[in-house]
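Residues per chain are reported as follows:
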Amino acid sequence: MKKPVLAVLAAALLLSACTTDPFTGEQKASNTAVGGLGGAGIGAITGAVIGAAVSADVRKAALIGAGIGALTGGGIGLYMDNQEAKLRQRLQGTGVSVTRVGDSIVLNMPSNITFDTDKSELKPQFYNTLNSVVLVFKEYKQTLINVIGHTDSSGDPNYNYDLSRRRAASVAQYLSAQQLDPNRFSVEGHGAGDPIASNASPSGRAQNRRVEITILPLT
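Because the structure is a prediction, the values reported are computed rather than measured.

S.K.: It is not clear to me how the overall build of the protein chain should be interpreted in this structure. Could you clarify?
M.R.: Helix and strand counts for the protein chain come out as 9 helices and 7 strands. Burial status across the protein chain gives 45% buried among its 219 residues. Counting only contacts in the protein chain whose residues sit at least 6 apart along the sequence, the fraction spanning at least 24 positions is 71%. Put simply, the protein chain shows about 10,200 Å² of open surface, and 55% of that area lies on carbon and sulfur atoms.

See the structure below:
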């Protein structure tokens, strides 16, 4: 099946996870429905609209074709500066770190606040943090969003890779379901391949168990 067809199927799955707020009339993701999109749902989404196979160029073309203008020149740095400031403001005290790397922004989400041990379903108490991220992503639409899962080195490498991919997919799935353009997303699982601390200690392994969101300017 070709990617455009998969993208349509994935978008349909995402829309099915939405519900209407009875007080505001606004469409929001149904936490129950989002959780229910596991298994085949996550597989379809990961393999298509937010799959690692969807290159940055393909996503850029889709967004520009949809009328989202690309950033140019000195406006890139300023745009990312403003977005970084908003993210730092909204994520203060949540346990999510915000790091600037050139013109990109990296959000580090430790697994102890996002997932239970050996699980890929988001902790319900983490929804509010992700909703804060959504508000910024809606305001700053001229960005690509790469969601990457990581584990420590304990256990089977193949299992760790799959767990990291499923965790990244859960984060991206939740974000996409909040009326964000799915063409912005890519999901990857890196397993234990990119540690940020030593796996020789419990504290180091805890740091390595994380989901990172890298935000890139649309240029």
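After that view, the rundown keeps rolling.
S.K.: How should helix α7 (residues 127–139) be read in this particular structure?
M.R.: It helps to recall that an α-helix has 3.6 residues per turn; residues three or four apart then point in one direction. Spanning 13 residues, α7 covers 19 Å between terminal C-alpha atoms, matching the ideal 18 Å at 1.5 Å per step. Of the positions making up α7, those classed as buried are Tyr127, Thr129, Leu130, Ser132, Val133, Val134, Val136 and Phe137.

S.K.: Just to check I follow, could you spell out the nonpolar core for this structure?
M.R.: Nonpolar side chains in soluble globular proteins generally cluster together in the buried interior. Counting 35 residues, the largest nonpolar core has Leu107, Met109, Val147, Val171, Leu175 and Ile213 as its most contacted members. For Ile213, the contacting residues outside a window of four places in its chain are Ile105, Val106, Leu107, Met109, Phe137, Ile145, Asn146, Val147, Val171 and Leu175.

S.K.: What's the story with the packing of α7 against helix α8 (residues 157–176) in this structure? I'm lost.
M.R.: What describes two packed helices is the angle between their axes and the distance between those same axes. At a minimum axis distance of 10 Å, the contact between α7 and α8 shows a crossing angle of 60 degrees. Taken together, α7 and α8 sit at an angle that is classed as oblique. Crossing geometry of α7 relative to α8 is assigned as right-handed. Here Tyr127, Leu130, Asn131, Val133, Val134 and Phe137 of α7 lie close against α8, whose contacting residues are Val171, Tyr174 and Leu175.

S.K.: Explain unusual backbone geometry to me, please; I cannot follow it from the model alone.
M.R.: A negative phi angle is the norm for most residues apart from glycine, just as the trans form is the norm for most peptide bonds. Its identity as a non-glycine residue notwithstanding, Asp118 has a phi of 65 degrees, on the positive side. Here Asp118 shows up in the loop between α6 (111–114) and α7.

S.K.: How should I be thinking about helix α5 (residues 75–91) in this particular structure?
M.R.: The terminal C-alpha atoms of α5 lie 24 Å apart, and with 17 residues this matches the ideal 24 Å at 1.5 Å per residue to within 8%. Buried residues of α5: Ile76, Tyr79, Met80, Gln83, Glu84, Leu87 and Leu91, and no others. End-on view of α5: buried residues confined to an arc of 135 degrees, all on one side of the axis. Opposite the packed face of α5, turned more than 90 degrees from it, sit the exposed residues Leu78 and Gln89. Looking at the buried side of α5, the elements it contacts are β3 (97–101), β4 (104–110), α7, β5 (143–150) and β7 (210–217).

S.K.: Looking at this structure, I do not really get the pairing of β7. What am I missing?
M.R.: Within a regular strand, side chains alternate between the sheet's two faces. For β7, a buried count of 7 out of 8 residues is recorded, marking the element as mostly surrounded by other parts of the structure. Relative to β7, β5 runs antiparallel, the two being bridged by 8 bridges. Residue pairing in the sheet places Asn146 in a bridge with Thr214 of β7.

S.K.: How should I be thinking about the packing of α5 against α7 in this particular structure?
M.R.: Contact geometry for α5 and α7: axes closest at 10 Å, N-to-C directions at 160 degrees. Classed by the angle they form, the pair α5 and α7 counts as roughly antiparallel. Judged by the twist between their axes, the crossing of α5 over α7 is right-handed. Along its contact with α5, which presents Tyr79, Gln83, Lys86, Leu87, Arg90 and Leu91, the element α7 presents Thr129, Ser132, Val133, Leu135, Val136, Phe137 and Glu139. For the contact of α5 with α7, the per-class residue count stands at 7 nonpolar, 3 polar and 3 charged.

S.K.: What is the right way to read the side chain of Thr143 from this model?
M.R.: Looking at the element boundaries, Thr143 is found in strand β5. From its side chain, Thr143 meets the backbone oxygen of Tyr140 in a polar contact 3.2 Å long.

The rules we used
Residues numbered from 1 in each chain as written. Predicted model: local features only at pLDDT ≥ 70, side-chain atom pairs only at ≥ 80, totals over all residues. Heavy atoms only, no water. Helix = DSSP H or I, 4+ residues; strand = E, 2+ residues; numbered from the N terminus. Buried < 20%, exposed > 50% of the residue type's maximum accessible area, 1.4 Å probe, protein only. Contact = heavy atoms within 4.5 Å. Areas by Shrake-Rupley, 256 points an atom, 1.4 Å probe, with all protein chains shown as cover. Expected span 1.5 Å × (residues − 1). Core = buried A, V, L, I, M, F, W, Y, C linked by side-chain atoms within 4.5 Å. Axes fitted to C-alpha atoms, helices over the stretch in contact; angles between N-to-C directions. Parallel < 35°, antiparallel > 145°, perpendicular 65-115°, else oblique. Left-handed = near helix turned anticlockwise from the far one by under 90°. Arc of directions from axis to C-beta. Pairing = 2+ DSSP bridges. Nonpolar A, V, L, I, M, F, W, Y, C, P; charged D, E, K, R; others polar. Polar contact = N/O pair within 3.5 Å; in protein donor to acceptor, adjacent residues only side chain to side chain.

Interpretation note: all reported values are geometric properties and have no functional meaning in isolation.
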